[in-house]
Amino acid sequence: MVAIHRLLLEAAAPYVHQIRRADPEAALDVAARAVLGACFHNSVRPDSATGEAAQRQYADELGDMAIAYLLTPGRSRTAGT
C-alpha cells in the first residue's frame, strides 16, 4: 500500500498547483489515502464491484470525488472550531 500511495502522489505532483485547498500537499495525501482505503474496502466487501464495467464505474466515481475535494477551497477556520 505504501508503494501505491507513493505512486499516486508522484503521478499527481505535476498538478499540485491546481489544488485549491489551503495545504495542497496535505490534501493530496488525504485524497490518496481515501482512494486507497476505498479500494481496499471494496476488495474485502462481499458485494464488491466485480466485472470490468463495475470496476471502471467505481474508479470513475472515486476519481470524481477526489478531484472535487482537491478543487474545492477548504472551509474557513476560526478560533475554537
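Residues numbered from 1 in each chain as written. Predicted model: local features only at pLDDT ≥ 70, side-chain atom pairs only at ≥ 80, totals over all residues. Heavy atoms only, no water.

J.: Can you help me understand the layout of surface pockets in this one?
T.: The gaps of empty space that remain are located by a probe, the size of a water molecule, rolled over the atoms. Roughly 470 Å³ of internal volume is contained in the largest pocket. Along its surface, the largest pocket is lined by 22 residues, and L8, V35, G63, A66 and L70 are the ones closest to its centre. Those elements that place two or more of their residues in the lining of the largest pocket are α1 (2-12), α2 (24-44) and α3 (52-70). Counting residues per element, the lining of the largest pocket draws most heavily on α3, which supplies eight residues. Classifying every residue of the lining of the largest pocket gives 18 nonpolar, four polar and no charged. (1 Å grid on protein atoms, 1.4 Å probe; cavity = no way out; pocket = protein on both sides within 12 Å on 5 of 7 lines; lining within 4 Å. Points joined across faces, edges and corners; volume = space filled by probe spheres on them. Helix = DSSP H or I, 4+ residues; strand = E, 2+ residues; numbered from the N terminus. Nonpolar A, V, L, I, M, F, W, Y, C, P; charged D, E, K, R; others polar.)

J.: Looking at this structure, I do not really get α2. What am I missing?
T.: Count 3.6 residues to each turn of an α-helix, and residues three or four apart come out pointing the same way. When the terminal C-alpha atoms of α2 are compared, their 30 Å separation across 21 residues agrees well with the 30 Å that a helix rising 1.5 Å per residue should span. Taken together, the buried positions of α2 are P24, A27, L28, A31, A32, L36, A38 and N42. The buried residues of α2 occupy one face: seen down the axis, they fall within an arc of 165 degrees. Of the residues in α2, the exposed ones pointing more than 90 degrees away from the buried face are E25, R33 and V44. The elements touched by buried residues of α2 are α1 and α3. (Expected span 1.5 Å × (residues − 1). Buried < 20%, exposed > 50% of the residue type's maximum accessible area, 1.4 Å probe, protein only. Arc of directions from axis to C-beta. Contact = heavy atoms within 4.5 Å.)

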